[in-house]
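# Examination of the molecular architecture
The chain contents come next:
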Amino acid sequence: MRVSTGATTNVFDRGAVLRPQFDWKWVIIGASVVFTVYIAVIPLAFLLWQSFRTPETAATAAVWTLGNYAAAYGSTETLRLFTTSLQFASGTALFAFVLGAGLAWMNERTNTPFKTIFFALSLIPLVIPSILFTVAWILLASPQIGIINLVLQGWLGLAEAPFDIYSVAGMIWVDGLHYSPMAFLLMSAAFRAMDPSLEESATMSGASVFQVARRVTLRLTWPAIVATILILFVRAIESFEVPALLGLPSGIVVFTAAIYQAVHRYPSQVGLASAYAVALLAITSVGVYFVSRLSGQGSKYATMTGKGFRPRQIDLGRWRWLTASIFIVYFLLIVVLPFSVLLWSSFQRFYAVPSTEALQNLTLDPYRFILSYPNLPRTVLNSLLLSFGAATIVMLVTSVICWIVVKTKLPGRWLLDNVASLPIVFPGLVLGLSIMIFYLNVDVGIYGTIWIMLIAYVTRFMPYGLRYTTTSMLQIHRELEESAAMSGASWSTTFRRVVLPLLKPGLLAGWIYVMIVSIRELSTSILLYSPDTQVVSIVIWELWENGQYVELSALGVLFIISLFVLVLMARWLGQKYGIKE
Amino acid sequence: MLRVDGLFTEYPNEKGEVVRAAQDVSFTVDEGRLFTLLGPSGCGKTTTLRSIAGLERPKAGEIAVNDRVVYSSSKGIFVAPNRRGFGMVFQSYAIWPHMNVFENAAFPLEVRGAGSVLRFGSAARRTRLSRSDMRERVMRVLTAVQLDDLADRAATKLSGGQQQRLALARALVMEPALLLLDEPLSNLDAKLREKMRFELKRLQRELKITTVYVTHDQSEALALSHQIAVMHRGRIQQVGTPRDIYERPASQFVADFVGNTNFIDGVVVSCAPHADHDQRSCVVRSEMGDLKVHSAQELHHGDRVTVSIRPEDVELSEERPAGDNVWGGRVDQKVFLGEALDFQVAVGARTLFSRRHPTLRTKIGEAIFVQLRPDKCVALKVS
């Protein structure tokens, strides 16, 4: 998937001539290859296998069947499932893209005021987990209790609630808002990477602002645009929280929801779930394949020159107050409103819409409830242990893999790179399902323990860790290592004194990122947890299922604040150790 | 001192095709000399340098420094780069961004001390320097490159020229047997490049350190070198002093690559030995008429040749001069360069380039006489 530098050689490989001897390097390489294949490929194989098996019961043994596929794809329901999924995913992708790209353009290319707080946007998806964002929007826009609906009804005297969050449009709204910061980041990077002289030379050739935008800017950012939309599409089609919380209550079923329903039906229909999962996997694989094809073409569009770079900004004149207000409204929708509604609800005994009476009933009861929740210390400890363990293992394993891929000339190293990146096509729920099937069938005594969750997290976030290590490994210019060799340093000295210190910021950044995404993980955990191995996001899910909204809000507020502190610490660490964003 | 013998290198490119770089490259460099490998990109000069460094492993050949063989395909010897003890300045300078100026320069001394316990090779057994000795040596070399007052500065805060000098200091601090320079001036701007050219030359001449220098810039090569090897398509075309290379190019490629020149095609009519015994005096029939030329090559009647003459050797005058090789022409175009004036002169169907002192004020369109001195006309056989 990634382009590896073919010209890169490891000078030390050639140093060991004449005396062939036992080399610890090969042990580590071999172990990491076996580990990667085990963790990334085997669950996939079991998922495929299971999708062709009947359920095993006490009376009958499992046999080969095409029945799961017939059940999954044989009915007219399938067509609806398919079109609903596509409708939801493409709607979300386009909505998030338009929002994110527009904001990115405002931020990178115009003199909109208050731009300095734009950076806060990049934190939102990390700090507010999808499940809390969705719950917050239910409290804001559900037809029965949604604050926005009630306020608008009161003002305009409407009989019906103007917004229904339990609809495909509502799902697109919530998921699109939640993914728009990702679009913002990707498009900002694309705008920033473009050499302004390319636009300036078009202007000098006599092109108008509009012509420059259409003939040059758009053409040059085209691969980034397509890649961004595809990434958003893949993210949307594999998202679980929004379809489960908003879609299922009103009978809107997409692939992820269908998989969850099949597993949680009684008796559980794992084969059917697998058949759905295979289709979902096929869709995400195609998406990821095209994204990697597009980013592989990056060099062809060589927009990055690094030479004489000055961001050029368009003076919007009076219009800049319009763009500023767009930005403020956006900030309200994505941060202020969701967080405020959770905060409000967390101080209520029973959920009530804000009013003067409700204001008098403020209480700390939900917080008392959460803090005395029977399993809370255990749950928090599980979350911390899992995220810490997953982050550490991921960064260690991926730095070895990445070293093999980038710095050696081992035949087949591209295959290793692709295998390690494979889990990126797994939607969280599908990965959880595959791992569940694998360890149900191959009993090594970890099913239902915290270890199965650790394996799941490591698998799921390995591609992200690999991206961090690869980026920093590629930045270490070959000559930095070679000059150490010429200075007389051995391989181990070079690795310790030159490579590792230069790699450290990337490793640290990756470690923190994996830690944060692990701590809010829900869609994989939901198929793998047991009462002993609950994590914080699962408790939120259970509180929702039980209708304990105020308690959920209290836990959510605490969770968001802790994540926020964690992210701030990460940024502080990052600046201290010189991580460039 | 340095001996490179029958060096062949090849490497697979991104598409997996085998690229032949150096082809049968042989040369020797004497103690204290600066030897330049000059050629266009892709000619194999950098691969040759990296083979000497040990960063590339050649296919065949032998490389020895002071009779210590560091690579030999026939004897199966390949000494790892970190045990060769050569200093090298890389094109990107490769200054480690996580160390300051002093730490960068001290690194070779530090790792040399640390590694000595584990090494058993006789050449590699070296003793650890004391802190104060190390400090003194690093400061001495930093002083030599005028970075002594920046010793505590972060490496990332250095300008391009300072980075270049630090890279040089790092390469010199271990007092290497051989200094390898890979296009060390190509990342600097033009003014700084000329300044550093003088500094580099002064330092090399003062320290008398044997140096191999790789560049594609002919003026750099001419300015710095004791000897130049011009490379093309993996092969050495000519080895000689800067003056030899410039005034007596051995092939059309060398004449064209090093400096500007006029080429006049023709056929040899006659040849006779000249008073200077390795030179021959010949007559070449060209489109401009008969031309008296000199040649170092063995030429015979009927050989097809091209005659090279540098623009500064194309003499112009408003009155007909006495002597051989004189034609009447017309000034076609003039370019004023400040210290010189470039002329394009039409002689029949030919245009000749001439560089003159700006005192010559003949106007465009006016008649002018062209004289090509026979000892400046170099006839090269067309292969």
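On a predicted model such as this, the values are computed, not experimentally measured, just so you know.

## Digging into helix H5 (residues 190-207) of chain B
All names here are of chain B. Taking 1.5 Å of rise per residue, the 18 residues of H5 would be expected to cover 26 Å, and the 26 Å separating its terminal C-alpha atoms lies within 8% of that figure. All buried positions along H5 are accounted for by Met 196, Arg 197, Glu 199, Leu 200, Leu 203 and Gln 204. Contacts made by the buried residues of H5 are with strand E5 (34-38), helix H3 (131-144), helix H4 (160-172), strand E10 (179-182), strand E11 (211-215) and helix H6 (218-224). A positive backbone phi angle near 50 degrees is found at Lys 208, which sits one or two residues after H5.

## Side note on the packing of aromatic side chains
All names here are of chain A. With the rule as written, the count across this model stands at 25 aromatic pairs over all chains. Measuring from centroid to centroid gives 5.5 Å for Phe 240 and Trp 541, while their planes differ by 35 degrees, and the two rings are tilted. Placement of Phe 240 in the loop between helix H11 (209-237) and helix H12 (241-247) and of Trp 541 in helix H24 (residues 536-545) is noted, with a sequence separation of 301 residues between them. Here Phe 240 falls in the buried class, since its relative accessible area comes to 1%. Taking 6.0 Å as the distance between ring centres and 50 degrees as the angle between the ring planes, the aromatic pair formed by Phe 461 and Tyr 464 counts as tilted.

## Some words on the interface of chain A and chain B
Between chain A and chain B, the contact holds 26 residues from the first and 34 residues from the second. Together, the buried faces of chain A and chain B total about 2,500 Å²; carbon and sulfur atoms form 59% of this surface. There are two salt bridges connecting chain A and chain B. Of the charged contacts, one joins Arg 497 of chain A and Glu 110 of chain B as a salt bridge, the two residues approaching to 3.0 Å between their closest N and O atoms. Applying the counting criterion to the chain A and chain B interface returns seven residue pairs in polar contact (both at pLDDT 80 or more). Of all the secondary structure elements, the ones that give two or more residues to the side of chain A that touches chain B are helix H1 (11-15), helix H22 (478-486) and helix H23 (491-519) of chain A. Per element, the largest residue contribution to the side of chain A that touches chain B is eight residues, and it comes from H22 of chain A.

## Looking at the sheet that holds E10 of chain B
All names here are of chain B. Here six strands make up an open sheet; going across it, the order is E9-E10-E11-E5-E12-E13 and the pairing mixed. The outermost strands of the open sheet, each flanked by one partner alone, are strand E9 (87-89) and strand E13 (235-240). Direction aside, neighbouring strands of the sheet carry axes that sit 15 degrees apart on average. Pairing analysis gives four bridges linking E5 to strand E12 (residues 227-232), with the strands arranged parallel. Paired with Leu 38 across the strands is Val 230, a residue of E12.

## Comments concerning the state of the cysteines
Residue and element names in this part refer to chain B. Summed over all chains, the structure comprises one disulfide over all chains. Cys 271 shares a disulfide with Cys 282; S-S distance 2.0 Å. An S-S torsion of about 70 degrees defines the bridge between Cys 271 and Cys 282 as right-handed. Residue Cys 271 is found in strand E14 (residues 262-273), and its partner Cys 282 is found in strand E15 (residues 280-286); the two are separated by 11 residues along the sequence. Given the relative accessible area of 1%, Cys 282 is considered buried.

## Digging into the pattern of salt bridges
Residues and elements named next belong to chain B. If you walk through the whole model with that rule in mind, you get 25 salt bridges over all chains. Here Glu 206 and Arg 202 are joined by a salt bridge, their closest N and O atoms 3.6 Å apart. In this pair, Glu 206 and Arg 202 are both assigned in helix H5, four residues apart and thus about one turn of the helix distant. Across the pair Arg 373 and Asp 375 runs a salt bridge whose closest N-O atoms are separated by 3.5 Å. Residue class for Asp 375 comes out partly exposed when judged on its relative accessible area of 31%.

## A few points about the pairing of E15 of chain B
Residue and element names in this part refer to chain B. With seven bridges joining them, E14 and E15 adopt antiparallel strand pairing. Note on E15: the bridge partner recorded for Ser 270 is Val 283. For E15 and strand E16 (residues 289-295), the ladder comprises seven bridges, and the chain directions are antiparallel. The residue of E16 that forms the bridge with Cys 282 is Val 293. The loop that links E15 with its antiparallel partner E16 comprises two residues.

Reading guide: rules and limits
Residues numbered from 1 in each chain as written. Chains lettered and ligands numbered in written order. Predicted model: local features only at pLDDT ≥ 70, side-chain atom pairs only at ≥ 80, totals over all residues. Heavy atoms only, no water. Helix = DSSP H or I, 4+ residues; strand = E, 2+ residues; numbered from the N terminus. Expected span 1.5 Å × (residues − 1). Buried < 20%, exposed > 50% of the residue type's maximum accessible area, 1.4 Å probe, protein only. Contact = heavy atoms within 4.5 Å. Phe/Tyr/Trp six-rings, centres within 6.5 Å; stacked < 30°, edge-to-face > 60°. Buried area = accessible area lost by both parts, 1.4 Å probe. Salt bridge = Lys/Arg side-chain N within 4 Å of Asp/Glu carboxyl O. Polar contact = N/O pair within 3.5 Å; in protein donor to acceptor, adjacent residues only side chain to side chain. Pairing = 2+ DSSP bridges. Axes fitted to C-alpha atoms, helices over the stretch in contact; angles between N-to-C directions. Disulfide = S-S within 2.5 Å.

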